[in-house]
Amino acid sequence: NTTTANPSKPQYQYIHPLSQIVLEHLQSRHASWVQKVGLEEGLKLNENGTFVLRFPGDDNDEEGEDCDSNAEQLDGHDSKRGEDCVDESIMTGKNGSIWTMYEPEEKKHYLCVTKGNLVGRYMLQDNKKPAWHSDRRSTPERVQDAVDEMIFKLEEMGDMQT
């Protein structure tokens, strides 16, 4: 009995619960936006449960140029500049991306975005804080709010022209 991969049979892929909330919210609430900007074909799931959604563009573009010294900070959230940002932009490509990541030293989960001069990240969860810290919103509500704010900021920047 030989074992061959059956392309029609879905394979199990681990998705971290926070990444799952982001992806489900993008699909359920922002599906038309995802399609309008071309993200529906750019999903890559990582083995650690995170994901990368790449904005479409010319595959021949040089990578690693997303981080700009004039990058705009997302209101109320961290901006990523310098070496860490360059490393992530190489991973995500010149055209920009939306992705989730985990910082093991900080024990924090982030939703990150690069697009044009916008470079930022939203903290989704801080594993150093107790579960009952001061935010009254549930984890899914906080994650969904971060997704909504990120999309608003991307549209506000005018980079989403079709």
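Residue positions are given per chain, counted from 1 along the sequence in the order it is written. Whole-chain, interface and lining totals are the exception, using all residues; otherwise, since this is a predicted model, local features are given only for residues with pLDDT of at least 70 and side-chain atom pairs are given and counted only at 80 or more. Hydrogens and waters are ignored; side-chain quantities use all the structure's heavy atoms.

## What to know about the overall build of the chain
Heads up, the rule is: Elements are defined by DSSP. Helices are runs of H or I of four residues or more, strands are runs of E of two residues or more, and each kind is numbered from the N terminus. Three labels apply to residues, based on accessible area from a 1.4 Å probe with only protein chains included: buried if under 20% of the type maximum, exposed if over 50%, partly exposed otherwise in between. Contact between two residues is taken to exist if any of their heavy atoms lie within 4.5 Å; hydrogens are not considered. Per-residue and other accessible areas follow the Shrake-Rupley method at a 1.4 Å probe size, with only the shown protein chains counted as cover for residues.
When helices and strands are counted, the chain shows four helices and five strands. Mapped from its N terminus to its C terminus, the chain presents α and β elements in the order α-α-β-β-α-β-β-β-α. For the chain, the residues scored as buried account for 38% of the 162 residues in total. Across the chain, every contact between residues at least 6 apart in sequence was considered, and the portion connecting residues at least 24 apart equals 59%. Working note: accessible area of the chain is about 10100 Å², and carbon and sulfur atoms make up 44% of it.

## Brief notes about helix α1 (residues 17–29)
Which entries qualify depends on this criterion: Expected span of a helix: the number of residues minus one, times 1.5 Å.
Relative to the 18 Å expected for 13 residues at 1.5 Å per residue, α1 spans 18 Å between its end C-alpha atoms, a close match to the ideal helical length. Among the residues of α1, Leu18, Ser19, Ile21, Val22, Leu23, His25 and Leu26 are the ones counted as buried.

## Things to note about the confidence of the model for the chain
Threshold: Every residue gets a pLDDT, meaning the predictor's confidence in that residue, from 0 to 100.
Overall, the predicted model of the chain reaches an average pLDDT of 76, with 66% of residues at or above 70. In the model of the chain, helix α3 (residues 83–92) stands out as the element of lowest mean pLDDT, 45, in contrast to α1, which has the highest, 95. This stretch, residues 60–87, has a pLDDT under 50; its non-local contacts, to residues over four places away or in other chains, come to 62 contacts.

## Here's the deal with the packing of α1 against helix α4 (residues 139–157)
Helices that pack against each other are described as a pair by the angle of their axes relative to one another and the distance between those axes. Note the following rule: Only the stretch in contact is used when a helix axis is fitted, and all axes are lines through C-alpha atoms; the angle between N-to-C directions ranges over 0 to 180 degrees. When describing relative orientation, an angle under 35 degrees is termed roughly parallel and one over 145 degrees roughly antiparallel, while 65 to 115 degrees is termed roughly perpendicular and anything else oblique. What makes a crossing left-handed is the near helix being turned counterclockwise from the far one by less than a right angle; a clockwise turn instead makes it right-handed.
Where α1 contacts α4, the axes come no closer than 9 Å and their chain directions differ by 55 degrees. Judged on the interaxial angle alone, α4 and α1 are oblique. Here α1 runs over α4; the crossing is right-handed. Each of Leu18, Ile21, Val22, His25, Leu26 and Arg29 in α1 lies in contact with α4, whose residues at this interface are Thr139, Pro140, Val143, Gln144, Val147, Asp148 and Ile151.

## Comments concerning the pairing of strand β2 (residues 51–54)
Quick note on the threshold: In short, DSSP must find at least two bridges between two strands for them to pair.
Examined bridge by bridge, strand β1 (residues 43–45) and β2 share three bridges and lie antiparallel to one another. Bridge pairing in β2 places Lys44 opposite Val52. Between β1 and β2, which follow one another and run antiparallel, lie five residues, and Gly49 among them has a positive phi close to 95 degrees. Inspection of the sheet shows β2 paired to strand β3 (residues 97–103) by three bridges, in the antiparallel sense. Note that in β3 the partner of Leu53 across the bridge is Ile98.

## Remarks on the nonpolar core
Cut-off, in case you're wondering: Definition of nonpolar core: a set of buried residues of the types Ala, Val, Leu, Ile, Met, Phe, Trp, Tyr and Cys, connected through side-chain atoms within 4.5 Å.
Core analysis: the biggest nonpolar cluster contains 24 residues, and Trp33, Ile98 and Leu111 have the highest contact counts within it. It is α4 that contributes the most residues to this core, six residues altogether. Apart from the residues within four sequence positions on either side, Leu111 is in contact with Val22, Ile98, Trp99, Thr100, Gly120, Arg121, Tyr122, Leu124, Ala146, Val147 and Met150. Counting five residues, the second-largest nonpolar core is a separate cluster that includes Val52, Trp99, Met101 and Tyr110.

## Section: α4
Counted at 1.5 Å a residue, the expected span for α4 with its 19 residues is 27 Å, and the 27 Å between its end C-alpha atoms agrees. Buried residues along α4 sit in contact with α1, α2 (31–37), β3, β4 (108–115) and β5 (118–126). Positive phi appears at Gly158, one or two residues downstream of α4, with a value of about 80 degrees.

## Considering the pattern of salt bridges
Quick note on the threshold: The rule for a salt bridge is simple: a side-chain nitrogen of Lys or Arg has to be within 4 Å of a carboxyl oxygen of Asp or Glu.
In total, this model carries three salt bridges according to the counting rule given. Of the charged contacts, one joins Arg137 and Asp145 as a salt bridge, the two residues approaching to 2.6 Å between their closest N and O atoms. Under the relative-accessibility criterion, Arg137 is labelled partly exposed at 35%. What makes Asp145 partly exposed here is its relative accessible area of 34%. Here Lys153 ties to Glu156 by a salt bridge, and the two come within 3.3 Å at their closest N and O atoms. Highlighted residues: Lys153 and Glu156, both in helix α4, separated by three residues, approximately one helical turn. Overall, the relative accessible area of 48% leaves Glu156 in the partly exposed class.

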